[in-house]
Amino acid sequence: MADFLQLLVAGLATGAIYALAAIGFTLLWQTSQTINFAQGEFVMLPAFLALIAMNLGAPFPLAALIAILGAMVILGLTFKLAIVDPLIKSGPLPLVISTIGVGLLLKDGVKEFYSAEAQPFPKVFPETPFSLGGANFTYAQIAVLGVALAVIMALNWFLAGTRTGRQMQASAQNPTVARILGINVNRMIFYTFLINAILAAVASLLIAPSQFAKFSQGEQLGLAAFVAAIVGGFNQVRGAIVGGLVVGVADNFAPTLLSAAGLSSAYRQALPLFLLVLIILFRPQGLVGRKEERAI
Amino acid sequence: MADDFILTLQDVVGGYGRMTILNGTTARIRRAAITTVIGPNGAGKSTMFKAIFGLLPVRSGRMTLEGRDTTNFTPRQMLDAGVSFVPQGRNIFAELTVRHNMELGGVALADQSGLPRRIDAMMQRFPILAEKAGAQAGTLSGGQQKLLEVARGLLLEPKLMLIDEPSIGLSPLMVQEVFGILKALRDSGVTILLIEQNAKQALQLSDYGLVLEQGQTRIEDKASTILADPRIAQLFLGGGLAPAAQ
């Protein structure tokens, strides 16, 4: 039982980070039909922005702020203006391929201009363990979970509780009707790109202390976010939350389950893909997603 | 008064991509009256509304609202000019509450401080919406949703309202209610431009009628005259019409 709790909390902490990335992923899809295959690299990059700022002498809080603002400019504004806007008119496929290119560019750019080595990242929250009911947790796990959930709650409040947020929801649900009511749909789409950049930056800053910052990190993070979005339901923010937590928890339970089944722990990496296949076969709309009807 | 036109279309040409639907549409819509646009499927009725409201580019021709050129205005400019549009089908945001749906109708309002008061007034006018104010709009019946759309469209107190097929999918009782609302609006000075599948019923309620066929206006007359015109029956039975004599 103690083991179970321990794995569960560790899984939720990782999963909450995946959820941040997955939420951004679904927001971009909902508002602009952008399937961002660079999402993993979006989560990789901000930690390096923070490292650069710290190398230049900035204290961590300032570096974190610079990472978030830098992400908004590079991954929000520039991505939208330079890649999405010119390509979206040609349909989703050219854009999807371009996002793959953006991912490669970010990955190799960091490798080339910063380092190919994994970079240690300041441990903002203490890794000191504490024991509760026989299970061992670290303060860092709890703090990561807390920060991620707080950001998700703040986002939910913004989307549901503010008029701008509701205009964004309206633009995502039915852009034509939104335009008919006078909503500036393009501006609302731009806001979702900014939000995605912020979420990616927060995820980046939360995951870097435990996993280090590495140029190739995006591969695994992007896959996790993608699977989380599909597992939860591509068209729902709460789907991405559920999906992120499920993927994170499954990932943490995998070694135990695999050894119990007498399988090599090398299969752990295949687990998200296994989940993906299961969901697509048996519940294609995702765990909490809506079925979508396509008008022809 | 007879020549008081709020909206005019002059040889409007437009469509989707390269496809031309409006083929030189000309119309003059009278102020503070209900005008129903009828015509067979594919005649360009909905396309005409979209072109008027700026949802579709007009390739040539000219449109005026109260004498001012509004050709290729954006929807936002049309709203600011006093026109609102209730399109065909379901146009509510199902996951938002009734009140929040209504509130989105006020996005274009210049003075946002007056919005809550306007919403409350609209809720009073449609008590069923007040009753369901906190419910998700998707839980409303089809008729209530249409009511919500109309109420939302009225929030800006438009001079002209374009309504495309409001009765589709509604019970006969609800259709009567919606038509009753349109009449009351007309009586309060709002101009209504309506598309209705149920042409006969709509013309009975209307002051004027406009028969559209193949993107061109065939007849523009008093509703009662159109109702009595034997050619209308012929049109809806599939026969063509010669262009109306100018």
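Here the structure is a predicted model, which is why all the values come from computation and not from measurement.

Honestly, the interface of chain B and chain A in this entry has me stumped. Any pointers?
Each side of the interface is counted separately: chain B has 23 residues, and chain A has 17 residues. Roughly 1,700 Å² of surface becomes buried between chain B and chain A when both sides are summed, with 59% attributable to carbon and sulfur atoms. At the junction of chain B with chain A, the criterion picks out 1 salt bridge. Taken together, chain B and chain A are joined by 4 residue pairs in polar contact (both at pLDDT 80 or more). Elements with a minimum of two residues in the side of chain B that touches chain A: helix H2 (75-80) and helix H3 (98-104) of chain B. Of the residues contributing to the side of chain B that touches chain A, the split by class is 13 nonpolar, 5 polar and 5 charged.

I keep staring at a nonpolar patch on the surface and nothing clicks. Help me out?
Taken together, the side chains of A:Phe274, A:Val277, A:Leu278, A:Leu281 and A:Phe282 make up a nonpolar region of the molecular surface, amounting to roughly 560 Å² of accessible area. Secondary-structure assignment places A:Leu278 in helix H11 (residues 271-282).

Help me understand the layout of surface pockets in this model?
Rolled over the atoms, a probe as big as a water molecule pinpoints where empty space is left. Residues and elements named next belong to chain A. Reported here for the second largest pocket is a volume of approximately 520 Å³. Forming the boundary of the second largest pocket are 23 residues, of which Ile 17, Val 144, Leu 206, Ile 207 and Pro 209 lie nearest the centre. Counting only elements with at least two residues in the lining of the second largest pocket, the list comes to helix H1 (2-32), helix H3 (60-88), helix H5 (139-161) and helix H8 (185-211). Along the lines of polarity and charge, the residues of the lining of the second largest pocket split into 16 nonpolar, 5 polar and 2 charged.

Would you mind showing me how to read the side chain of A:Asn36 here?
Residue and element names in this part refer to chain A. Considering the arrangement of structural elements, one finds Asn 36 in the loop between H1 and helix H2 (39-55). In this structure Asn 36 comes out as buried when scored by relative accessible area, which is 1%. A polar contact is formed between the side chain of Asn 36 and the backbone nitrogen of Ala 38, at a distance of 3.0 Å. Of the polar contacts made by the side chain of Asn 36, one reaches the side chain of Gln 39; its length is 2.9 Å. Not counting the four nearest positions on each side in its chain, Asn 36 is found in contact with Phe 25, Leu 28, Phe 42, Phe 79, Thr 99 and Asn 196.

In this structure, what is going on with the environment of B:Leu104? I would like to understand it.
Position of B:Leu104 among the secondary structure elements: in helix H3. On the accessibility criterion, B:Leu104 (1% relative accessible area) is buried. Taking the C-alpha atoms as reference points, B:Leu104 and B:Ile6, 98 residues apart in sequence, are found 26 Å from one another. Those residues within four positions of B:Leu104 in sequence are excluded, and the remaining contacts are A:Arg166, A:Gln167, A:Ala170, A:Leu181, A:Ile183, B:Phe93 and B:Leu96.

Help me understand the packing of aromatic side chains, please; the structure alone is not making it clear to me.
Aromatic ring pairs are defined here through the distance separating the ring centres and the angle between the ring planes. Evaluated as defined, the whole model comprises 14 aromatic pairs over all chains. Measuring from centroid to centroid gives 5.7 Å for A:Phe25 and A:Phe226, while their planes differ by 85 degrees, and the two rings are edge-to-face. Highlighted residues: A:Phe25 in helix H1 and A:Phe226 in helix H9 (residues 217-232), separated in sequence by 201 residues. Cluster of aromatic residues (ring-pair linked, three or more members): A:Phe25, A:Trp29, A:Phe37, A:Phe226 and A:Phe234. Above the ring of B:Tyr208, the side-chain terminus of B:Arg30 is found at 4.7 Å from the ring centroid.

Can you help me understand the sheet that holds strand E3 (residues 34-38) of chain B in this one?
What links the strands of a sheet is backbone hydrogen bonding, and the strands pair in either a parallel or an antiparallel sense. Residue and element names in this part refer to chain B. The strand order across the open sheet formed by 6 strands is E6-E7-E8-E3-E9-E10, and the pairing between neighbours is mixed. Two strands lie at the open edges of the sheet, namely strand E6 (83-86) and strand E10 (216-222), each paired on one side alone. Adjacent strand axes in the sheet meet at a mean angle of 15 degrees, parallel and antiparallel pairs treated alike. The pairing of strand E9 (residues 208-213) with E10 spans 6 bridges and is antiparallel. The residue bridging Leu 212 from the neighbouring strand is Thr 217, located in E10.

In this structure, what is going on with the nonpolar core? I would like to understand it.
Taken as a class, soluble globular proteins show a tendency for nonpolar side chains to be buried jointly. Within the largest apolar cluster, 88 residues are counted, with the highest numbers of intra-cluster contacts made by A:Leu20, A:Ile23, A:Phe42, A:Phe121 and B:Leu104. No other element matches H8(A), which puts 15 residues into this core. In this view, A:Ile23 contacts A:Ile152, A:Leu155, A:Leu199, A:Val237, A:Ala240 and A:Ile241; residues no more than four positions away in its chain are not counted. Formed by 69 residues, the second largest nonpolar core is a distinct cluster that contains B:Leu7, B:Val83, B:Val98 and B:Ala202.

Is there a simple way to think about the sheet that holds strand E5 (residues 68-69) of chain B in this case?
Residues and elements named next belong to chain B. Taken in spatial order, the 4 strands of this open sheet run E2-E1-E4-E5, and their pairing is antiparallel. The open sheet has two free edges, formed respectively by strand E2 (19-30) and E5, since each of these has just one partner strand. The pairing of strand E4 (residues 58-65) with E5 spans 2 bridges and is classified as antiparallel. Residue Thr 64 lies in a different strand from E5, and its bridge partner there is Asp 69. Against the sheet, helix H1 (residues 45-53) makes contact with strand E1 (5-16), E2 and E4, and its axis sits at roughly 75 degrees relative to E2, the strand it touches most.

How should I be thinking about the packing of H2(A) against H8(A) in this particular structure?
Describing two packed helices takes the angle between their axes plus the distance from one axis to the other. Residue and element names in this part refer to chain A. Where H2 contacts H8, the two axes come as close as 7 Å, and the packing angle between them is 65 degrees. As summarised for this structure, H2 and H8 are arranged roughly perpendicular, according to the angle between their axes. Between H2 and H8 lies a crossing whose hand is right-handed. Contacts from Gln 39, Phe 42, Val 43, Met 44, Pro 46, Ala 47 and Ala 50 in H2 reach Asn 196, Ala 200, Ala 201, Ala 203, Ser 204, Leu 205 and Ala 208 in H8. Its residues assigned to classes, the contact of H2 with H8 shows 11 nonpolar, 3 polar and no charged.

Explanation requested: helix H4 (residues 92-113) of chain A in the structure shown.
Residue and element names in this part refer to chain A. For H4, with 22 residues, the first-to-last C-alpha span of 31 Å sits near the 32 Å given by 1.5 Å per residue. By the burial criterion, the buried members of H4 are Leu 95, Val 96, Thr 99, Val 102, Gly 103, Leu 106, Lys 107 and Val 110. Each buried residue of H4 lies within a common arc of 120 degrees when the element is viewed along its axis, so the set occupies one face. When the buried face of H4 is taken as reference, the exposed residues oriented beyond 90 degrees from it are Leu 93, Ile 97, Leu 105, Glu 112 and Phe 113.

Looking at this structure, how should I read the confidence of the model for chain B?
Detailed reading of the predicted coordinates is not advisable wherever pLDDT is low. Scored by pLDDT, chain B comes out at a mean of 90, with 94% of its residues at no less than 70. Two summary scores accompany this predicted model of the complex, namely pTM at 0.89 and ipTM at 0.90.

What is the right way to look at H8(A) in this model?
Given 3.6 residues to a turn, an α-helix orients residues that are three or four positions apart in the same direction. With 27 residues, H8(A) ought to run about 39 Å at 1.5 Å a step, and its terminal C-alpha atoms sit 38 Å apart, in line with that. In terms of residue burial, H8(A) counts as a mostly covered element, since 20 of its 27 residues are buried.

Analysis parameters
- Residues numbered from 1 in each chain as written.
- Chains lettered and ligands numbered in written order.
- Predicted model: local features only at pLDDT ≥ 70, side-chain atom pairs only at ≥ 80, totals over all residues.
- Heavy atoms only, no water.
- Contact = heavy atoms within 4.5 Å.
- Buried area = accessible area lost by both parts, 1.4 Å probe.
- Salt bridge = Lys/Arg side-chain N within 4 Å of Asp/Glu carboxyl O.
- Polar contact = N/O pair within 3.5 Å; in protein donor to acceptor, adjacent residues only side chain to side chain.
- Helix = DSSP H or I, 4+ residues; strand = E, 2+ residues; numbered from the N terminus.
- Nonpolar A, V, L, I, M, F, W, Y, C, P; charged D, E, K, R; others polar.
- Patch = residues over 30% accessible without salt bridge, like charges linked within 9 Å, V, L, I, M, F, W, Y side chains within 5 Å.
- Areas by Shrake-Rupley, 256 points an atom, 1.4 Å probe, with all protein chains shown as cover.
- 1 Å grid on protein atoms, 1.4 Å probe; cavity = no way out; pocket = protein on both sides within 12 Å on 5 of 7 lines; lining within 4 Å.
- Points joined across faces, edges and corners; volume = space filled by probe spheres on them.
- Buried < 20%, exposed > 50% of the residue type's maximum accessible area, 1.4 Å probe, protein only.
- Phe/Tyr/Trp six-rings, centres within 6.5 Å; stacked < 30°, edge-to-face > 60°.
- Lys NZ or Arg CZ within 6 Å of the ring centre and 35° of its normal.
- Pairing = 2+ DSSP bridges.
- Axes fitted to C-alpha atoms, helices over the stretch in contact; angles between N-to-C directions.
- Core = buried A, V, L, I, M, F, W, Y, C linked by side-chain atoms within 4.5 Å.
- Parallel < 35°, antiparallel > 145°, perpendicular 65-115°, else oblique.
- Left-handed = near helix turned anticlockwise from the far one by under 90°.
- Expected span 1.5 Å × (residues − 1).
- Arc of directions from axis to C-beta.
- pLDDT = per-residue confidence, 0-100.

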